[in-house]
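Listed below, chain by chain, are the residues.
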Amino acid sequence: MIFDESLASTTFFGLALFAAVASCSREEEPRAFPAATPKIDVHTHISPSAYERALDLMDQAGVQIAVNLSGGMPGAGLEQSLAVQERSGKRIRVFCNLDLRGVEDPRFAGWATGILRRCKEAGALGLKIPKSLGLGVLTSEGLLAVDDPRLDPVFDEAGRLGMVVLIHVGDPEAFFEPARPENERWEELSAHPEWSFADPRFPRWTEILDAFERRIARHPRTRFIGAHFGNAAEDPERVARMLDRYPNYFIDTAARVPEFGRHPAPRMRRFFVRYQDRILFGTDLGVSEGSLMLGSTDGKPVTRAAIDRFFSAHWRYFETTSRQIENPTPIQGRWRIDAIGLSTEVLRKLYWANAARLLGITVPRYPARPTPLTRGHSEGKG
Ligand SMILES: [Zn+2]
């Protein structure tokens with residue numbers, strides 16, 4: 001078993017040690033970059049033709065395994081993605097996709113569950129559902145709702161096959177407000193006007209999130225990862241409530257450090273400690289031949305410095321207790337955030353152990369010398 005629960009028993013001694021060293025661990029710099037602990041990034045988009053570039057970036061950042069959520073469908077990209085999975089020595093793993101546009105066809109359920117079985121047989125680890133569910137797929141009655149019962153067989157079949165469903169619904173709450181200069185995401189919205197959901201033809205943010213919760217509740221035997229901090233980084237109470245209610249529910253951190261990082265650091269630290277077995281590290285790194293996305297994009301060429309800042313800001317946020325650090329994705333907001341200084345044990349789960357257990361994968365040994373990760377304290381579940 002790759003996930004070692006026995007480490008939890010070090011909790012009590014860890015707390016005692018923490019008390020002893022807490023006074024000397026306030027404002028610290030991030031550890032040497034890249035931090036020498038294994039990492040699995042569960043939320044990436046890698047086009048097969050650019051996989052070598054993706055591996056270079058992963059090496060620079062210290063990421064061993066990336067999960068490519070844009071794996072495609074059988075006969076429509078999946079074969080190429082799976083070839084990259086092999087060529088990369090299984091460092092780039094694959095979630096497949098599913099076209100939901102045929103949902104009104106009475107044969108849809110049979111077709112879709114057949115696709116899932118083919119994905120599984122071919123070697124995909126899971127299914128990625130994008131935000132077009134709820135915001136983009138049109139039916140004769142309007143936008144296809146996140147909890148539309150015609151999709152139930154898809155999610156049930158994923159559970160039966162042991163395929164994890166990573167699901168993105170909604171978007172930042174500000175995208176549902178008018179796209180004007182006063183909007184706090186104006187910089188991002190002006191670069192991508194099509195990301196605005198202010199138009200009344202779209203459901204409201206809370207409507208989508210409520211439908212999302214009904215979706216999770218309906219499939220207790222299917223394991224879900226709620227993308228982007230459970231799709232609700234603005235509302236950690238909502239995310240916590242869902243994590244409490246649904247043991248089959250997990251979340252990733254992709255592209256939301258700037259947003260959840262706005263909440264007071266002690267509160268977010270408590271959150272990450274309490275749900276330390278349910279949160280997976282993800283970035284929303286997108287790599288294709290012509291472009292690079294670091295959580296978001298303004299369409300301009302990405303500099304080496306921006307890549308370094310993107311990853312080091314993640315490590316700094318999770319690993320140090322520094323205040324008012326730059327966030328990884330400035331286009332999402334020019335504000336600064338306070339870091340939450342997680343313990344070695346919580347970081348181990350966040351960075352790789354939770355993903356390895358949930359996805360059933362092993363992490364190759366990190367090639368560099370293993371250096372101690374943090375200030376030698378650990379803590380229990382809050
Ligand atoms: Zn994404």
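Please read all numbers here as calculations on a predicted model, not as lab measurements.

Colleague: What is the right way to look at the pairing of strand β9 (residues 249–252) in this model?
Modeller: Looking along a regular strand, one sees the side chains alternate between the two faces of the sheet. Across the two faces of β9 the burial is the same, with Tyr 249 and Ile 251 and Phe 250 and Asp 252 all buried. In this sheet, β9 lies alongside strand β8 (residues 224–226) in parallel orientation, the contact comprising 3 bridges. Note that in β9 the partner of Gly 226 across the bridge is Ile 251. Two elements, β9 and strand β10 (residues 279–280), share 2 bridges in a ladder whose sense is parallel. Paired with Ile 251 across the strands is Ile 279, a residue of β10.

Colleague: Got a minute to help me understand the coordination of the zinc ion in this structure?
Modeller: Those donors, His 43 (NE2), His 45 (NE2) and Asp 284 (OD), are the protein atoms that reach the zinc ion, and they lie 2.1 to 2.4 Å from it. His 45 gets classed as buried once you look at its relative accessible area, which sits at 18%. Overall, the relative accessible area of 8% leaves Asp 284 in the buried class.

Colleague: Would you explain the packing of helix α10 (residues 236–245) against helix α12 (residues 265–274) in this entry?
Modeller: In a packed pair of helices, the relevant descriptors are the angle between the two axes and the axis-to-axis distance. Two elements in contact, α10 and α12, have axes separated by 12 Å at closest approach and are oriented at 15°. Between α10 and α12, the crossing angle belongs to the class labelled roughly parallel. In this structure, α10 crosses over α12, and the sense of that crossing is left-handed. Residue-level contacts link Pro 236, Glu 237, Val 239, Ala 240, Leu 243 and Asp 244 of α10 to Arg 267, Met 268, Phe 271 and Arg 274 of α12. When grouped by side-chain class, the residues that make up the contact of α10 with α12 number 6 nonpolar, no polar and 4 charged.

Colleague: Could you clarify how one ought to interpret helix α8 (residues 205–218) in this entry?
Modeller: Since the α-helix packs 3.6 residues into each turn, any two residues three or four apart lie on the same face. Compared with the 20 Å implied by 1.5 Å per residue over 14 residues, the 20 Å span of α8 between its first and last C-alpha is a close match. Taken together, the buried positions of α8 are occupied by Trp 205, Ile 208, Leu 209, Ala 211, Phe 212, Glu 213, Arg 215 and Ile 216.

Colleague: It is not clear to me how the sheet that holds strand β7 (residues 164–167) should be interpreted in this structure. Could you clarify?
Modeller: Paired through backbone hydrogen bonds, the strands of a sheet run either parallel or antiparallel to each other. In space, the 10 strands of this open sheet follow the order β10-β9-β8-β7-β4-β3-β2-β1-β11-β12, with mixed pairing throughout. Because the sheet does not close on itself, it has two edges, and the strands there are β10 and β12 (292–294). The pairing of strand β1 (residues 40–46) with strand β2 (residues 65–68) spans 3 bridges and is parallel. Of the residues in β2, the one forming a bridge with Thr 44 is Asn 68. Seen against the sheet, α8 touches β7, β8 and β9 and runs at an angle of roughly 160° to β8.

Quick notes on the rules
- Residues numbered from 1 in each chain as written.
- Predicted model: local features only at pLDDT ≥ 70, side-chain atom pairs only at ≥ 80, totals over all residues.
- Heavy atoms only, no water.
- Buried < 20%, exposed > 50% of the residue type's maximum accessible area, 1.4 Å probe, protein only.
- Helix = DSSP H or I, 4+ residues; strand = E, 2+ residues; numbered from the N terminus.
- Pairing = 2+ DSSP bridges.
- Donors = N, O, S within 2.8 Å, 3.2 Å for Na, K, Ca; no water.
- Axes fitted to C-alpha atoms, helices over the stretch in contact; angles between N-to-C directions.
- Parallel < 35°, antiparallel > 145°, perpendicular 65-115°, else oblique.
- Left-handed = near helix turned anticlockwise from the far one by under 90°.
- Contact = heavy atoms within 4.5 Å.
- Nonpolar A, V, L, I, M, F, W, Y, C, P; charged D, E, K, R; others polar.
- Expected span 1.5 Å × (residues − 1).

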